[in-house]
Amino acid sequence: MTSATLLAWIVLPYLAIAVFAVGHAWRWRHDQFGWTSLSTQLQERRLLMWGSPLFHYGTLAAIAGHVIGILIPASWTAAIGVSEATYHVFSAVAGTVAIVAIGIGLVILVYRRVAVRRVAVTTSRVDVAVYVLLIVIIGLGAAETIAVNLIGPGYDYRATVAIWFRGLFAADPHPELMATAPWLYQAHAISAWFLIALWPFSRLVHAWSYPVLYLGRPWIVYRGYRSAVRPRPSLTPTAPRR
Ligand code: HEM
C-alpha cells in the first residue's frame, strides 16, 4: 500500500472523525450560546423562503440515499429481491431528483449570501469555507449521479466505496478499494472529510438541534402587531358607567 493511499483512505477519515467528535464536545462545553444556525431570516426572507426548504429537503433525500447506497450492504437489498439493475435505476432517478432540489436551493442561498448586502456582512470566513466545500461536494455528487449513473455507463460504488466506508467503522478499512475508484468518487469523499472536520466549528451544528420537542410542547399563542395596538371593538372592555 502506498503512503498516499494510507493517508487519503485511512489517516484522513479517522482524523476527521476524531476532530468531529472532540470538536463537538469542545463547542458544547465552551459555546452553547453560539450553538445556532445564526439565522439571517430577519435580514432577508423572500429568497430564504425558497432556497432553504429546497436545500434542506433535498439534503434529507440525499442522506437517505447515502444510507441506502453506502451503509446498507448490497447483499441485504439483494436478499429482499432488489437486483443491482433495479437499485441502479432507483438511485439514479431518486438521486437526480434530490440533486436538482439541492442544486437550485444552493444556488439561491449562495446568490443571497453574495448579493444581499445585509446577509453578506454577516458571513464569516468559516461560512465561506463551508459554502466552498458544499459547492465542491455537491457538484461532484451531481456529476456522479447524473453524468455517471443516470446518463453515463454507471459505476457500482456499492462494491468499492461502500465497503471501504463501512469498514472504517468496523475497524476493518479497505483503502485499496478506494484507491481504484474513479477520481470523482475519490474527490467527493476527500472533500466530505474536510467538511466533517469543519462541522463542529461552523453553524452546521444546528443540524443536531432540530426542535423535535416542539411537536409535543403546549401551544404558544402569538398575537399580530395590529391586533395588539388596535384591539378589536368586541374585545374592548366597556368603560364603567358613572
Ligand atoms: C465520506 C463520505 C461520503 C461518501 C463516501 C459519499 C459517497 C457518495 C456516492 C457514492 C454518491 C453517488 C450516489 C449515486 O450516484 O447514486 C454520492 C452522491 C452525493 N453525495 Fe455523497 N458521500 C459522502 C459525503 C457526502 C456529504 C458530506 C455530502 C453533503 C454535504 C454529500 C452529498 C452528496 C450529494 C448531494 C450527492 C448526489 C445526490 C445523491 O445521489 O444522493 N455526500 N455520495
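See the structure printed just above.
This is a predicted model, so every value here is computed, not measured. (Residues numbered from 1 in each chain as written. Predicted model: local features only at pLDDT ≥ 70, side-chain atom pairs only at ≥ 80, totals over all residues.)

Caption draft 1: Expanded view of unusual backbone geometry. If you check the backbone angles, Leu38 has positive phi at about 50 degrees while not being a glycine. Tracing the backbone through its elements, the reader meets Leu38 in the loop between α1 (3–30) and α2 (46–71). (Helix = DSSP H or I, 4+ residues; strand = E, 2+ residues; numbered from the N terminus.)

Caption draft 2: Molecular detail of the site of the ligand. Residues in contact with the ligand amount to 27 residues; listed here are only the nearest, Ala62, Gly65, Gly95, Gly141 and Ala192. Broken down by secondary-structure element, the contributors of at least two residues to the shell around the ligand are α2, α4 (84–115), α6 (125–150), α7 (161–169) and α9 (183–198). Per-element tally for the shell around the ligand: the top contributor is α6, with 8 residues. (Near = placed C-beta within 6 Å.)

Caption draft 3: Quick look at the packing of α1 against α9. Across the interface, α1 lies against α9 with an axial gap of 8 Å and an inter-helix angle of 20 degrees. With respect to α9, the element α1 is oriented roughly parallel. Relative to α9, the crossing made by α1 is left-handed. Only Ile190, Trp193, Ile196 and Ala197 of α9 make contact with α1, whose side of the interface consists of Ala8, Leu12, Pro13, Ala16, Val19 and Phe20. Residues that form the contact of α1 with α9 fall into these classes: 10 nonpolar, no polar and no charged. (Axes fitted to C-alpha atoms, helices over the stretch in contact; angles between N-to-C directions. Parallel < 35°, antiparallel > 145°, perpendicular 65-115°, else oblique. Left-handed = near helix turned anticlockwise from the far one by under 90°. Contact = placed C-beta atoms within 7 Å. Nonpolar A, V, L, I, M, F, W, Y, C, P; charged D, E, K, R; others polar.)

Caption draft 4: Spatial organisation of the environment of Gly58. Its place among the elements puts Gly58 in helix α2. Exposure remark for Gly58: the 21 C-beta atoms within 10 Å place this residue in the buried category. Separated by 55 residues in the primary sequence, Gly58 and Arg113 have C-alpha atoms spaced 19 Å apart. Ignoring any residue separated from it by four or fewer positions in sequence, one finds Gly58 in contact with Ala98, Ala101, Ile102 and Gly105. (Buried ≥ 20, exposed ≤ 12 C-beta atoms within 10 Å, placed from the backbone.)

Caption draft 5: Local environment of the environment of Ala62. Mapped onto the fold, Ala62 is located in helix α2. For Ala62, a count of 20 C-beta atoms within 10 Å corresponds to the buried category. C-alpha separation for the pair Ala62 and Val97, spaced 35 residues apart in sequence, amounts to 9.3 Å. If we ignore the near neighbours within four places in the chain, the residues touching Ala62 are Ala98 and Ile102.

Caption draft 6: Representation of the nonpolar core within the structure. If you look at the biggest cluster of nonpolar residues, it comprises 10 residues: Leu54, Phe55, Ala62, Ala98, Ile99, Ala101, Ile102, Leu106, Leu109 and Ile138. Elements supplying a minimum of two residues to this core: α2 and α4. Here this core gets 6 residues from one element, more than from any other, and that element is α4. Within the second largest apolar cluster, 7 residues are counted, among which are Trp9, Val161, Met178 and Ala189. (Core = buried A, V, L, I, M, F, W, Y, C linked by C-beta atoms within 7 Å.)

Caption draft 7: Quick look at α7. Every buried residue belonging to α7 is among Val161, Trp164 and Phe165, and all of these are buried. Looking down the long axis of α7, one finds its buried residues gathered within 95 degrees of arc, a one-sided arrangement. Elements that come into contact with the buried residues of α7 comprise α1, α2, α8 (175–179) and α9. Following α7 by one or two positions, Ala171 has its phi on the positive side, about 55 degrees. (Arc of directions from axis to C-beta.)

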